[in-house]
Every structure is written in structure tokens, then in C-alpha cells.
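Each chain is listed here by its residues.
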Amino acid sequence: MLLGDGGVGKSGILKKVANSVNHQVLFIDTTRYPEIQSQSELGDKLGIQGDLERAIRQLSIEQTLVVIVDQLDDIGGTEGQVFKDFIVSTAPLKDVSVV
């Protein structure tokens, strides 16, 4: 988890990490998904049909998957809870790393 004041470059660091790892990367900018009400809706917005957690598990079978969730400090309410639940359910999966 990267912490810091707005504008110090956290997103830039995350993008550099995404471009430098030798793994699959799912980069989610939370500000692109306002008013998300459920993980199912998040999956739809990401272009994933069916269960989001299952899709993440499938992606990580062949190669480690790095999931980067950016701009968490810019959301709250239901949207924030959806992303929190997504992180909590995704982080313990085998061959998945969440940043």
C-alpha cells in the first residue's frame, strides 16, 4: 500500500511498477468507476462476464497476477466498500498480489 498526500506521485509509481513486472497486471483506477454498487457491477465495468473472483482465479492459473487498485483515497461510501471487499476477497488468492 502506498500512502502520501495528493499529487506526490503515488499513481506514477504504481504505473511504473505495472510496466516493470513480468506478470499479468490488472490496473484499476477507482475514479473511472463512480457509483459502483457491487462486485458484479465492477466485473461488468471491467469487461469480465460472470463472477469477478472466479475470473481473477482463472487469470492467475497460468501466471501470477498483480492487481493494482489506484485512487482509493478518492472514493468513499458504497463505492469504497465495493473496492475494499474486492481487495479483501482477492488478496488471499493463490498467485495473486494486490497493491
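Residues numbered from 1 in each chain as written. Predicted model: local features only at pLDDT ≥ 70, side-chain atom pairs only at ≥ 80, totals over all residues. Heavy atoms only, no water.

Which parts of the structure should I look at to understand the overall build of the chain?
Secondary structure assignment for the chain yields 4 helices and 3 strands. In sequence order, the chain lays out its α and β elements as α-β-α-α-β-α-β. Taken against the 2.2 N^0.38 rule, which gives 13 Å for 99 residues, the C-alpha radius of gyration of the chain at 13 Å falls within 12% of a compact globule. When the 99 residues of the chain are sorted by exposure, 31% land in the buried category. Accessible surface, the chain as shown: approximately 6200 Å² in total, 48% of it carbon and sulfur. Of the side-chain charges in the chain, 9 are positive and 14 negative, and the distance between the mean point of each set is 5 Å. (Helix = DSSP H or I, 4+ residues; strand = E, 2+ residues; numbered from the N terminus. Rg over C-alpha atoms; globule rule 2.2 N^0.38 Å. Buried < 20%, exposed > 50% of the residue type's maximum accessible area, 1.4 Å probe, protein only. Areas by Shrake-Rupley, 256 points an atom, 1.4 Å probe, with all protein chains shown as cover. Lys, Arg positive; Asp, Glu negative; His and termini not counted. Charge placed at Lys NZ, Arg CZ, Asp CG, Glu CD.)

What exactly am I supposed to notice about the environment of T30 here?
Inspection of the secondary structure puts T30 in the loop between β1 (24-29) and α2 (39-45). C-alpha of T30 to C-alpha of Q58: the two residues are 28 residues apart in sequence and 22 Å apart in space. For T30, the contacting residues outside a window of four places in its chain are V69, D70, Q71, L72, I75 and F83. (Contact = heavy atoms within 4.5 Å.)

Would you explain the sheet that holds β1 in this entry?
The strands that make up a sheet pair up through hydrogen bonds in the backbone, lying either parallel or antiparallel. With parallel pairing, the 3 strands of this open sheet are ordered in space as β1-β2-β3. The open sheet terminates on both sides in strands that have one partner only, identified here as β1 and β3 (96-98). Ignoring which end each strand starts from, the neighbouring axes of this sheet average 15° apart. Bridging between strand β2 (residues 65-70) and β3 involves 3 bridges; their strand directions are parallel. Bridge assignment links V66 to a residue of β3, and that residue is S97. Seen against the sheet, helix α1 (residues 10-20) touches β1 and β2 and runs at an angle of roughly 165° to β2. (Pairing = 2+ DSSP bridges. Axes fitted to C-alpha atoms, helices over the stretch in contact; angles between N-to-C directions.)

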